[in-house]
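Here is what each chain is made of, one letter per residue.
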Amino acid sequence: QVQLVESGGGLVQAGGSLRLSCAASGSIFRINIMSWYRQAPGKQRELVAVITSGGSTNYADSVKGRFTISSDNAKTTMYLQMNSLKPEDTATYYCNYASGNVAAWGQGTLVTVSS
């Protein structure tokens, strides 16, 4: 079983920055994919960024050039550096872990960007 805990959300003005963290614990497989999703009020959850255990990354078009996903050397903490934030980035951000048939979600951290 894998447990995920997000942190780092908060209120920021448009144009500002935040860094989210996702700490993973439990039975973490060496080969995995970790992702950030977000869900705005009244909208479906959407994929924001992905990082594989091999270090490959991918981003939603809406955040390319502004957000950076990374992980620590131990691959147990994932980060999302968010720059040039826009009001439309307001959402609850969730981290996700997937490896084989094992998947886990964090509880979410709220990011609010004021105009």
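Placed above this text is the structure.
Rules used in this analysis
- Residues numbered from 1 in each chain as written.
- Predicted model: local features only at pLDDT ≥ 70, side-chain atom pairs only at ≥ 80, totals over all residues.
- Heavy atoms only, no water.
- Disulfide = S-S within 2.5 Å.
- Helix = DSSP H or I, 4+ residues; strand = E, 2+ residues; numbered from the N terminus.
- Buried < 20%, exposed > 50% of the residue type's maximum accessible area, 1.4 Å probe, protein only.
- Salt bridge = Lys/Arg side-chain N within 4 Å of Asp/Glu carboxyl O.
- 1 Å grid on protein atoms, 1.4 Å probe; cavity = no way out; pocket = protein on both sides within 12 Å on 5 of 7 lines; lining within 4 Å.
- Points joined across faces, edges and corners; volume = space filled by probe spheres on them.
- Nonpolar A, V, L, I, M, F, W, Y, C, P; charged D, E, K, R; others polar.
- Pairing = 2+ DSSP bridges.
- Axes fitted to C-alpha atoms, helices over the stretch in contact; angles between N-to-C directions.
- Phe/Tyr/Trp six-rings, centres within 6.5 Å; stacked < 30°, edge-to-face > 60°.
- Lys NZ or Arg CZ within 6 Å of the ring centre and 35° of its normal.

**A word on the state of the cysteines**
This model, assessed by the stated rule, comprises one disulfide. Between the sulfur atoms of Cys-22 and its disulfide mate Cys-95 the distance is 2.1 Å. What sets the handedness of the Cys-22 and Cys-95 disulfide is the S-S torsion sign, and at about 60° it is right-handed. In this pair, Cys-22 is assigned in strand β3 (residues 18-26) and Cys-95 in strand β9 (residues 91-99), connecting sequence segments 73 residues apart. Cys-95 sits in the buried class, given a relative accessible area of 0%.

**A short note on the pattern of salt bridges**
For side chains bearing opposite charge, pairing can occur when the charged atoms are close. Inspection of the entire model under this criterion finds four salt bridges. Because the salt bridges share partners, they merge into one network encompassing Arg-38, Glu-46, Arg-66 and Asp-89.

**Topic: empty space enclosed by the protein**
Within the structure shown, the criterion is met by one cavity of 30 Å³ or more. Of the voids in this model, the largest cavity is the one considered here, and its volume is about 60 Å³. If you go around the largest cavity, the residues you meet are Asn-32, Met-34, Ile-51, Thr-52, Ser-53, Ser-71 and Lys-75. Class assignment for the residues of the lining of the largest cavity results in two nonpolar, four polar and one charged.

**Brief notes about the sheet that holds β3**
Overall, antiparallel pairing links the four strands, which are arranged β1-β3-β8-β7 in an open sheet. Taken across any chain shown, the strands that pair with only one partner, and hence form the sheet edges, are β1 (2-7) and β7 (67-71). Strand-to-strand twist in this sheet, taken as the mean axis angle between neighbours without regard to direction, amounts to 15°. Bridge count between β3 and strand β8 (residues 77-82): six bridges; the pairing is antiparallel. When the sheet's bridge partners are listed, Arg-19 is paired in β8 with Gln-81.

**With respect to the packing of aromatic side chains**
The geometry of an aromatic ring pair comes down to the distance between the two centres and the angle between the two planes. According to the stated counting rule, one finds one aromatic pair in the structure shown. Its end group placed over the ring of Tyr-94, Arg-45 keeps NZ or CZ at 3.8 Å from the ring centre. Above the face of the Trp-105 ring, Arg-45 is positioned so that its terminal group lies 4.6 Å from the ring centre.

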